[in-house]
Amino acid sequence: VWVEGNLVETGRAARIEVVGRRIAQVQVVEGELDRWVSAGLVDLQVNGYGGFDANAARPSAGEVRGMVERLWQHGVTSLCPTVVTAGEVEMRERLRAIAGACQAHRLVAHSVPCIHVEGPAISPEDGPRGAHDVEHVRPPSLAELDRWQESAGGRVGIVTLAPEWPGTPQYIAAARAASIVVAIGHTAASREQIGAAVDAGASLSTHLGNGAHATLERLHNYIWEQLAEDRLSASLIFDGHHLPPAVMKVMLRAKGLRRVVLVSDSVALAGSPPGAYETPVGSAVVLSADGSLRRRGTPYLAGSAGCLLDGVNNAMRHAGLSVRDAVSLATLRPATIIGRPGRAGLRPGADADLVVFDRDPRTGALAVVSTVVAGDPVYRRP
Ligand SMILES: [Zn+2]
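Residues numbered from 1 in each chain as written. Predicted model: local features only at pLDDT ≥ 70, side-chain atom pairs only at ≥ 80, totals over all residues. Heavy atoms only, no water.

Enquirer: Please give an account of the coordination of the zinc ion that cites residues and values.
Expert: All of the protein donors around the zinc ion are E118 (OE), H186 (NE2) and H207 (NE2); their distances to the metal are 2.1 Å. Spacing between the donor residues of the zinc ion along the chain follows E-x67-H-x20-H. Note that E118 is positioned in strand 9 (residues 115–118) and H207 in the loop between strand 12 (204–205) and helix 7 (222–228), a separation of 89 residues in sequence. Like E118, the residue H207 is buried in the burial classification. (Donors = N, O, S within 2.8 Å, 3.2 Å for Na, K, Ca; no water. Helix = DSSP H or I, 4+ residues; strand = E, 2+ residues; numbered from the N terminus. Buried < 20%, exposed > 50% of the residue type's maximum accessible area, 1.4 Å probe, protein only.)

Enquirer: Describe unusual backbone geometry, with residues and values.
Expert: Here the residue pair G119 and P120 is connected by a cis peptide bond, since its omega of -5° sits within 30 degrees of zero. Of note, P120 is situated in the loop between strand 9 and helix 4 (142–152). Despite not being glycine, H207 shows a phi value in the positive range, around 30°. What makes H207 buried here is its relative accessible area of 3%.

Enquirer: Hey, could you go over the packing of aromatic side chains for me, with residue numbers and the actual values?
Expert: Here the structure, examined in full by the defined rule, presents zero aromatic pairs. Here the guanidinium or amino end of R15 rests over the ring plane of W2, the centre of that ring lying 4.1 Å away. The positively charged end of R359 is found above the aromatic ring belonging to W36, 5.3 Å away from the centroid. (Phe/Tyr/Trp six-rings, centres within 6.5 Å; stacked < 30°, edge-to-face > 60°. Lys NZ or Arg CZ within 6 Å of the ring centre and 35° of its normal.)

Enquirer: Outline the pattern of salt bridges, listing residues and values.
Expert: Using the criterion set out here, one finds 15 salt bridges in the structure. A salt bridge links E88 to R92, with the shortest nitrogen-to-oxygen separation between them at 3.7 Å. Here the residue E88 and the residue R92 both occupy positions in helix 2 (residues 88–104), the gap between them amounting to four residues, near one helical turn. For R92, a relative accessible area of 17% puts it in the buried group. Of the charged contacts, one joins R92 and E150 as a salt bridge, the two residues approaching to 3.6 Å between their closest N and O atoms. Residue R92 is located in helix 2, and its partner E150 is located in helix 4; the two are separated by 58 residues in the primary sequence. (Salt bridge = Lys/Arg side-chain N within 4 Å of Asp/Glu carboxyl O.)

Enquirer: An account of the sheet that holds strand 9 is needed here, citing residue identities and associated values.
Expert: Across the sheet, which stays open at both edges, the eight strands sit in the order 5-8-9-10-11-12-13-14 with parallel pairing between neighbours. Since the sheet does not close on itself, it has two edges, and those belong to strand 5 (41–46) and strand 14 (260–263), each with one partner. Here strand 5 pairs with strand 8 (residues 76–84) via four bridges, running parallel. When the bridges of strand 8 are listed, V42 appears paired with S78. Together, strand 8, strand 9 and strand 10 (156–161) form the strand contacts of helix 2, whose direction differs from that of strand 8 by roughly 160°. (Pairing = 2+ DSSP bridges. Contact = heavy atoms within 4.5 Å. Axes fitted to C-alpha atoms, helices over the stretch in contact; angles between N-to-C directions.)

Enquirer: Please give an account of the nonpolar core that cites residues and values.
Expert: By size, the foremost hydrophobic cluster in this structure holds 90 residues, and its most contacted members are W148, L236, L262 and V312. Ranked by residue count, the leading element in this core is helix 9 (residues 308–319), at six residues. Not counting the four nearest positions on each side in its chain, L262 is found in contact with V42, L236, F238, L308, G311, V312, A315, A326 and L329. By size, the runner-up hydrophobic cluster in this structure holds 15 residues, among which are V3, L7, A350 and V369. (Core = buried A, V, L, I, M, F, W, Y, C linked by side-chain atoms within 4.5 Å.)

Enquirer: Talk me through the sheet that holds strand 18 (residues 301–304); I want residue IDs and the actual numbers.
Expert: Strand order across the open sheet formed by four strands is 15-16-17-18, with antiparallel pairing between neighbours. Each edge of the open sheet carries a strand with a single partner, namely strand 15 (275–278) and strand 18. Taken over all neighbouring pairs, the strand axes of this sheet differ in orientation by 30° on average, direction set aside. Alignment of strand 16 (residues 284–287) against strand 17 (residues 292–295), held across three bridges, turns out to be antiparallel. For V286, the partnering residue across the bridge sits in strand 17 and is R294.

Enquirer: Tell me about the packing of helix 1 (residues 61–72) against helix 2, and please be specific about residues and values.
Expert: Contact geometry for helix 1 and helix 2: axes closest at 7 Å, N-to-C directions at 65°. Judged on the interaxial angle alone, helix 2 and helix 1 are roughly perpendicular. Relative to helix 2, helix 1 is oriented so that their crossing is right-handed. Contacts between helix 1 and helix 2 involve A61, V64 and R65 from the former and A97, I98, G100 and A101 from the latter. Taken together, the residues of the contact of helix 1 with helix 2 sort by class into five nonpolar, one polar and one charged. (Parallel < 35°, antiparallel > 145°, perpendicular 65-115°, else oblique. Left-handed = near helix turned anticlockwise from the far one by under 90°. Nonpolar A, V, L, I, M, F, W, Y, C, P; charged D, E, K, R; others polar.)

Enquirer: Tell me about helix 6 (residues 191–200), residues and numbers included.
Expert: The complete set of buried residues in helix 6 reads I194, A197, V198 and A200. When helix 6 is viewed along its axis, its buried side chains cluster within an angular range of 160° and face the same direction. For helix 6, exposure combined with an orientation more than 90 degrees from the buried face picks out R191, E192 and D199. Packed against the buried residues of helix 6 are helix 5 (168–177), strand 11 (181–184) and helix 7. (Arc of directions from axis to C-beta.)

Enquirer: Tell me about the environment of R340, and name the residues and values.
Expert: Of note, R340 is situated in the loop between helix 11 (332–337) and strand 19 (354–359). Along the backbone, R340 and M251 are 89 residues apart, and their C-alpha atoms lie at a distance of 25 Å. With residues up to four places along the chain from it excluded, the contact list for R340 reads P113 and A335. Looking at R340, its side chain comes within polar contact range of the main-chain oxygen of P113, at 3.3 Å. (Polar contact = N/O pair within 3.5 Å; in protein donor to acceptor, adjacent residues only side chain to side chain.)

Enquirer: Lay out the pairing of strand 19 with the relevant residues and their values.
Expert: For strand 19, a buried count of five out of six residues is recorded, marking the element as mostly surrounded by other parts of the structure. As paired strands, strand 4 (residues 36–39) and strand 19 are joined by four bridges and run antiparallel to one another. Residue V37 lies in a different strand from strand 19, and its bridge partner there is V356. Counting the residues that bridge the hairpin from strand 19 to strand 20 (residues 366–373) gives six residues, and of these G364 lies at a positive phi of roughly 80°.

Next up, the structure:
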């Protein structure tokens, strides 16, 4: 199988040969094509998409498979289904459903490099807690982490927590020893608590700037502390609603390209037509034509309705990034964070996870033409 396009990484036109599940060769050719090609997008935080929900009240392997297949249409070839704060029984059922989907479907297993557990050891305070259920917020527990892994078949690879809980450094050190990425998020931590977490091995801030108090002390706060900490990468939601353009630009510059990763943090309603909806937990929400999802009658966001490619396009549009740099924040950076260098770029021996794009002639925005997962063509635009 051959795939053709201008390489996003270099701008050069190329033909890529796929043999089996891997890229066999990348041949640079003369001229310029009307298509672009990059490694598949890697989304470290996906709660749901297209009506499919990783946190469904009745979780199932079909729910997870549907989410993965819908995201292939948007160029996402690797994603971390994200299980959020709930009772332990419910969380383990959701983890089991994800593991079941991976066991049942080869390409789903390929597209789920690991699972992200966000919570339950987060801040109970309004603001930092975001939309997580306060009733189920609890301290970090290594015994519970073991039970998650039992349900998930060892697939939990990222845990987001608030480091102000007592015992967090010990928890982080043990999780790191088990090759789990520990992220700081939904937190109201002090400078010292953030420092101790990073010393213990925390390496990522989860959706920095969101899951925070509406009003903060201007100079001494956990956003500045995490922005300034060079041992932390930051995941950012560039859906155009969670962070205003000025904040997107400033956070990118403060962290530098090498420490930023874009995530969608999309919820099950993402990919649905605009309208009023009831979520499974019974809250009324409105999905607007501008792509924002808010609790009905309030200005409060109720999750992200975008996909990772929207974030890439917003990074070009609002933060002035080149196509190469913007795409790297959704390919190379996340693949590196979860230790999957084989998914970080197009070169011989890499996983044959590819996306072919065309670009809006007016705005330069990328749109998916076709997607290949582990050498299998899984999507072509009608
Ligand atoms: Zn969150």
